[in-house]
Amino acid sequence: MKRKVTLAISLFIFLISTNFLSAQSCSVNAGVGFETATKVETQLSGATPSNIQLGSVYWETDAAFPSSIVFEDIQSPVSKVTFLLPGTYTLFLKAKCKDGFTVMDKIKVTVTQ
């Protein structure tokens, strides 16, 4: 009986660890948060590894008025961006790994007048 319990626990740990490892197969880096002024074009410094599905990279925001943010290329981790209104924004760089997992990183941006 003790052996069956030990075997069951070992199997459970093994399954959890392999699932955890596969979930960590890729990542994205949104870069470093920054401060800028309104209507100033700023270069983002995101990065993605080679094991990202082609065409799956994009920027997203939590802004109440998303139209106040203009991305030159919303699918590029190094897009240029312009903020039309002052405020504090969170930008999310998202992508899908080749194994199907979606990964995300975020930066805070403070925009002054």
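None of these values were measured; they are calculated from a predicted model. (Residues numbered from 1 in each chain as written. Predicted model: local features only at pLDDT ≥ 70, side-chain atom pairs only at ≥ 80, totals over all residues. Heavy atoms only, no water.)

Trainee: What exactly am I supposed to notice about the overall build of the protein here?
Mentor: Counting secondary structure elements, the protein contains one helix and seven strands. Starting at the N terminus and ending at the C terminus, the protein contains elements arranged as α-β-β-β-β-β-β-β. Within the protein, the fraction of its 113 residues that count as buried is 30%. When the accessible area of the protein is evaluated, it comes to approximately 7,400 Å², of which 61% is carbon and sulfur surface. (Helix = DSSP H or I, 4+ residues; strand = E, 2+ residues; numbered from the N terminus. Buried < 20%, exposed > 50% of the residue type's maximum accessible area, 1.4 Å probe, protein only. Areas by Shrake-Rupley, 256 points an atom, 1.4 Å probe, with all protein chains shown as cover.)

Trainee: Is there a simple way to think about the nonpolar core in this case?
Mentor: Burial of nonpolar side chains together is a common tendency in soluble globular proteins. Ile69, Phe83 and Leu91 are the most contacted members of the largest nonpolar core, which has 21 residues in total. Listing elements by their share of this core, those giving two or more residues are β4 (69–71), β5 (80–83), β6 (87–96) and β7 (102–112). With near-sequence residues (within four places) excluded, Phe83 lies in contact with Phe34, Thr36, Thr38, Lys39, Ser68, Ile69, Tyr89, Leu91, Val109 and Val111. (Core = buried A, V, L, I, M, F, W, Y, C linked by side-chain atoms within 4.5 Å. Contact = heavy atoms within 4.5 Å.)

Trainee: I'm lost on the state of the cysteines in this one. Help?
Mentor: As used here, a disulfide is simply a covalent bond connecting the sulfur atoms of two cysteines. All chains considered together, the criterion is met by one disulfide. What pairs with Cys26 in a disulfide is Cys97, and their sulfur atoms sit 1.6 Å apart. Handedness here is read from the sign of the S-S torsion; for Cys26 and Cys97, about -80°, the answer is left-handed. Of this pair, Cys26 sits in the loop between α1 (2–23) and β1 (34–37) while Cys97 sits in the loop between β6 and β7, placing them 71 residues apart in sequence. (Disulfide = S-S within 2.5 Å.)

Trainee: What am I meant to see in a nonpolar patch on the surface here?
Mentor: Taken together, the side chains of Phe65, Val70, Leu84 and Leu85 define a hydrophobic patch exposed on the protein surface, amounting to about 360 Å² of accessible area. Using a relative accessible area of 36% as the deciding quantity, one classes Leu84 as partly exposed. (Patch = residues over 30% accessible without salt bridge, like charges linked within 9 Å, V, L, I, M, F, W, Y side chains within 5 Å. Salt bridge = Lys/Arg side-chain N within 4 Å of Asp/Glu carboxyl O.)

Trainee: What is the right way to look at the environment of Ala37 in this model?
Mentor: Its place among the elements puts Ala37 in strand β1. Spatially, the C-alpha atoms of Ala37 and Leu85 are 8.8 Å apart, while their sequence positions differ by 48 residues. Once you skip the residues sitting within four places of it in the chain, Ala37 turns out to touch Val111, Thr112 and Gln113.

Trainee: What is the right way to read the sheet that holds β6 from this model?
Mentor: By definition, the strands of a sheet pair up through backbone hydrogen bonds, in either a parallel or an antiparallel sense. Taken together, four strands build an open sheet; the order of strands is β1-β7-β6-β3 and the sheet is mixed. Two strands lie at the open edges of the sheet, namely β1 and β3 (58–61), each paired on one side alone. The mean inter-strand angle of the sheet, taken between neighbouring strand axes irrespective of direction, is 35°. Here four bridges tie β1 to β7, and the two strands are oriented parallel to one another. Across the sheet, Glu35 pairs through a bridge with Thr110, a residue of β7. (Pairing = 2+ DSSP bridges. Axes fitted to C-alpha atoms, helices over the stretch in contact; angles between N-to-C directions.)

Trainee: When you look at the pairing of β6 in this model, what are you seeing that I'm missing?
Mentor: Along any regular strand, the residues point their side chains to alternate faces of the sheet. Counting buried residues in β6 gives seven out of ten residues, a clear majority hidden from the surface. In terms of strand pairing, β3 meets β6 through four bridges, oriented antiparallel. Each residue of the ladder has a partner; that of Trp59, found in β6, is Leu93. Between β6 and β7, which follow one another and run antiparallel, lie five residues, and Gly100 among them has a positive phi close to 100°.

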